[in-house]
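Residues per chain are reported as follows:
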Amino acid sequence: MPYIGRTVRVMVLLIGIGGLPGIVNAEPLKHGEALPGTASAKPATVQTADANNRIYQMLDFSDEQEKTFAEKGLIDAPDILELKDAEGRVVWSQKAYDFLHDNAPPTANPSLWRNAQLNHLYGLFEVQEGIYQVRGYDMANLTLVKSDNGWIVFDVLMSEECSRAAMQLVEKNLGRRPVKAVVISHPHVDHFGGIKGVMTEEEAADPSLSIQEQLASGKIPVIVPKDFETYAIGENIYAGAAMGRRAGYQYGTLIEKGKQGSLSIGIGMGQSLGTISYITPTYEVANTGEKITIDGIKMEFQMTPGTEAPVEMNTWFPQYRALWMAENCTGTLHNLYTLRGAQVRDGNDWAKFLLEATVRYGEEVQVVFQSHNWPHWGNQAIRSYFENTAAVYKYINDQTLRYINQGYTSDEISNMIALSEAMQKVWYTRPYYGTVAHNSKAVYQKYMGWYDANPVHLNPLTPSDRAKKFVEYLGDKNEVLRKAKRDFARGEYRWVAEITNVLVFENPANTEARNLCADALEQLGYQAESGTWRNVYLSGAYELRNGANKDTGKVASGSRNVQKNMSVRMMLDYLGILIDGQAAQSKDLRINLQVTDTGEKYFIHLYRGTLLCYRDTQDQNAVATLTCPRKAVFTLLTGDVDAMQKAIEVTGDRSVLQRLTENIVTLRPFFNIVEP
């Protein structure tokens, strides 16, 4: 495949990345001057500019191996990439990052700035003949393997609009070919939400058939690791409202892109805001070593549960000597705990599976590619890539446990632990996404939980009540602010943010405390090497100055598409989560449920504020029986009695639908975070 050639846009950008950048002549705030107390963004202080300049001495910016890999194989890229939904709303934009052509300003960690420049290299790339990726069209990559008569598509991005545009770029350059199969490596929404931009629900194969029968049917198998749907739906629904709110902080959807705003998140430029879709998988891979041949392409799967996701799988292509690493090896230190909220990952297992991949495929592999960032080529480079990445996760796991067994607490360990000097200089394990500090907290949480064994912390007051007592003991709030301003001038931003946030929780109307807390968080964001830490700090600063975001245009849409694919048991579990237990504590409501299309039967007991669901049984004392297909059960979650009555047949007490659902709470998608 001849390359069409990179665009002028990319050529200019690469000039900005290459070589050792000079120290930027910035105009930071003078020492002690950064205290205007206004609700506006500030430039970098002297301390922040100095901290960021020290990164140039710490890391070897003349090492351009990652840049070489990031730009390799470019076939085509539009000069301007900005995608919109049907209403004209921008859901993804690389145009917003055009400022990255400049050198790093004092308001950005230069290491993160370099990562952002590499993630700004978007377009269609050839990994090797027969394997292609569209990168930079969403948080993740869309990957295609050319089969005899079509494409096998790996991970389909987060939004329909993004995956559809990615496929259009592929068709423009490589021709139109049918999709023969879709493989989704793990159950995170940025890997499955764009599936309807690649295929329709009607094109999906029949999941009751064997994989060979699915392939022979002419329909499209959707292949996933075992228990994919349980985690894809469960993680995104049960705590979905809170995760969505926190994801806004992690991915910087609330803040503008720019030199003082959001940059890369380490595994991409951020989160798209388009339409999330879902198609039920048709085949689950259960075991390492399982082989499937699809339209002439041989694939062998390696299961990696408990790593980047509860279930995940890598894929080996022996014909290409190429290894798809899902999100297990992504050119950055990843998360053992992700800031949006998620189950803690196992650092020891993560390392183990990377070493297992080396044993299984390390002698033959010539290229490794994954769902984020760029591929790595060359057998020796790949073996080092695996070993270094495994070593980082194992080190954080082992050293945290060593400190735990010496009696140190989570906060103490996160301030003590550091990688070896040699490991700190490896570009592809730098903390652009996860960090050593918060990953060590994840290990602590996994083994020890939230309690640090100090009885004082066993049952503390609420943050607001504690703040009121702090202020009562501290005395004059103006004196506290005076000292906080003095410490801000010294560059003690972590402490200033903490103490001023106490004042905010004591009195959210304390404008001076809000603004000073925002100023401190902002400087912490400017210094952060992790893109997610930067976004979290800057999002907190934004909300202290402007209040909590209420703009639904700042979040992705289409979560109902995922919710409606819940199993009956999941829907009932979620109904229990939505019910206000205190308001329903006096109820004793016994109901039978019969699901016509799945044959399931449940006895549902709303008892003392708890919804108990007994499967495969009916209760002879039930006040009513509900009969409906699976999708109609979803109406119970809406609280819409009219919709329920139209969709569900009720035998017995006709008031039971209202009585069951009248204590459903409305979830708050924009709850406060940095104030009570």
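Higher on the page you've got the structure.
Residues numbered from 1 in each chain as written. Predicted model: local features only at pLDDT ≥ 70, side-chain atom pairs only at ≥ 80, totals over all residues. Heavy atoms only, no water.

Details of the environment of K180
- Tracing the backbone through its elements, the reader meets K180 in strand 8 (residues 179-183).
- For the pair K180 and I220, spaced 40 residues apart in sequence, the C-alpha separation works out to 5.6 Å.
- Every residue in contact with K180, bar those within four places of it in the chain, is listed here: S147, N149, G150, W151, L215, K219, I220, P221, I294 and D295. (Helix = DSSP H or I, 4+ residues; strand = E, 2+ residues; numbered from the N terminus. Contact = heavy atoms within 4.5 Å.)

A short note on the sheet that holds strand 14 (residues 322-324)
- A sheet is described by the order of its strands in space; here six strands give the open sequence 11-12-13-14-15-16, paired in mixed fashion. Sheet topology places strand 11 (291-294) and strand 16 (376-377) at the edges, where each strand pairs with a single neighbour.
- Where strand 12 (residues 297-303) and strand 13 (residues 313-317) come together, four bridges link them in antiparallel fashion. Counterpart to F301 in the pairing with strand 13 is T315.
- With respect to the sheet, helix 10 (residues 347-361) is in contact with strand 12, strand 13 and strand 14, its orientation differing from that of strand 12 by roughly 145 degrees. (Pairing = 2+ DSSP bridges. Axes fitted to C-alpha atoms, helices over the stretch in contact; angles between N-to-C directions.)

Notes on the nonpolar core
- Formed by 99 residues in total, the largest nonpolar core has its most connected members in Y137, L142, V153, V182, L593 and I648.
- By size, the runner-up hydrophobic cluster in this structure holds 33 residues, among which are W316, L336, F386 and L419. (Core = buried A, V, L, I, M, F, W, Y, C linked by side-chain atoms within 4.5 Å. Buried < 20%, exposed > 50% of the residue type's maximum accessible area, 1.4 Å probe, protein only.)

What to know about the sheet that holds strand 10 (residues 283-285)
- On the basis of which strands lie adjacent, the open sheet formed by eight strands has the order 1-4-5-6-7-8-9-10 and mixed pairing. Of all strands in the sheet, those bounded by a partner on one side alone are strand 1 (74-76) and strand 10. On average, each strand axis in the sheet is tilted by 25 degrees relative to the strand beside it, whichever way the strands run.
- Two strands pair when backbone bridges link them, and strand 9 (residues 222-225) and strand 10 are joined in this way by three bridges, in the parallel orientation. Looking at strand 10, one finds that P225 is bridged to V285.

Describing the state of the cysteines
- In the structure shown here, the tally under the stated rule is zero disulfides.
- C628 takes part in no disulfide bond, and the closest cysteine sulfur to it belongs to C613, at a distance of 13 Å. (Disulfide = S-S within 2.5 Å.)

Some words on the packing of aromatic side chains
- One pass over the full model with this rule turns up 21 aromatic pairs.
- Judged by centre distance (6.1 Å) and plane angle (40 degrees), the ring pair of Y97 and F99 falls under tilted. Neither Y97 nor F99 differs from the other in exposure class; each is buried.
- When the ring of W533 is compared with that of Y537, the centres are 6.2 Å apart and the planes differ by 90 degrees; the resulting orientation is edge-to-face. Of the two residues, W533 and Y537 both sit in helix 19 (residues 531-546), four residues apart, roughly one turn of that helix.
- Judged by relative accessible area, which is 26%, W533 ranks as partly exposed. (Phe/Tyr/Trp six-rings, centres within 6.5 Å; stacked < 30°, edge-to-face > 60°.)

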